[in-house]
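# Structural characterization, general
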Amino acid sequence: MSKAILVATVDSPCARGAAASATALAAILKGRIEALSIVDPVDFGGSAAGAAPELAERQARRAHDQAHAAVDRVAEDARAAGVPVETSVVEGQVRAVLDDRARVGDVDLVAAGTHGRTGLDRYLLGSVATHLVRTSPVPVLVVHGAVDSLPTYETVVVPTDGSRHAARAADLGAEIAAASGGTVHALHAADGRPSDPVVDVLDRATAAGADAIETVRDGRPIRVIESYVDETDADLVVMGTHGRTGLDRRLVGSVTERAVRVLDAPVLSGYGGEGD
């Protein structure tokens, strides 16, 4: 299925890594990229009382130049990979702009890095990435650091707790693995609980035409996931953003956020919608 992927970008290694990972995903899924850079006027004194107009103007011009350079770099790499691409630079508050774009209905996925350098870069690629994982109605791809080459997405790890959100993630993982010719790794941290959830992931992978294997281990979910991702040298981890109800909802949400922060592999989070 063709995907419209919004890449939130700035001029930093993490942002370039997110763009490369998103480009590879778009190529596999026969999708397209929109490279978006957001210039927040607050960062160059646009709303600061008493700010020197000349200084603010120079800072604004520099911020816009950097933003255009960032999206142009994404576009160049996307075209080299044969992926259709559009670019845009807008002014606004970063979270608000991305929230609006995620909800307007014209993108299927948002991609961002987890850390920038300083100032706006750090804000955009750190706290905003976490905010998107928590709130976005569309899947969010979060990437750590630069990448040496375009990912192949052949090893797709899908941790599951059997929730609706995990099922949505399983569908995403299966779609990507089927398109890449890769394998879905259904992973369940049993922690003394039944291992039935992996069966659902296997069924979804089979229905999508992807190969799949299952692994069930005892232990804390994040520890099990970290260990398995390292062992398999995973190309991608696909997770739900919330668990079932009550403690499970808080647990799985926190596990996904922890995974976004600590895993070396890109993490794609999928939200299953409201209700239980």
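Residues numbered from 1 in each chain as written. Predicted model: local features only at pLDDT ≥ 70, side-chain atom pairs only at ≥ 80, totals over all residues. Heavy atoms only, no water.

## Overview of the pairing of strand β7 (residues 183-189)
Among the seven residues in β7, six count as buried, and that is most of the element. Note that strand β6 (residues 155-159) and β7 share five bridges and pair parallel. Each bridged residue has a counterpart across the sheet, and for Pro159 the counterpart in β7 is Leu187. Since β6 and β7 lie parallel, the crossover through helix α5 (residues 164-180) that links them has a hand, and here it is right-handed. (Buried < 20%, exposed > 50% of the residue type's maximum accessible area, 1.4 Å probe, protein only. Helix = DSSP H or I, 4+ residues; strand = E, 2+ residues; numbered from the N terminus. Pairing = 2+ DSSP bridges. Right-handed = clockwise from strand over helix to strand, strands pointing away.)

## A closer look at α5
Relative to the 24 Å expected for 17 residues at 1.5 Å per residue, α5 spans 25 Å between its end C-alpha atoms, a close match to the ideal helical length. Taken across its 17 residues, α5 has 12 buried, putting it largely inside the fold. Three or more residues of α5 are buried, namely His165, Ala166, Ala167, Ala169, Ala170, Leu172, Gly173, Ala174, Glu175, Ile176, Ala177 and Ser180. One or two residues past the end of α5 sits Gly181, with phi positive at roughly 75°. (Expected span 1.5 Å × (residues − 1).)

## A look at the environment of His68
Along the polypeptide, His68 turns up in helix α2 (residues 53-80). Taking the C-alpha atoms as reference, His68 lies 9.9 Å from Val90; in sequence the two are 22 residues apart.

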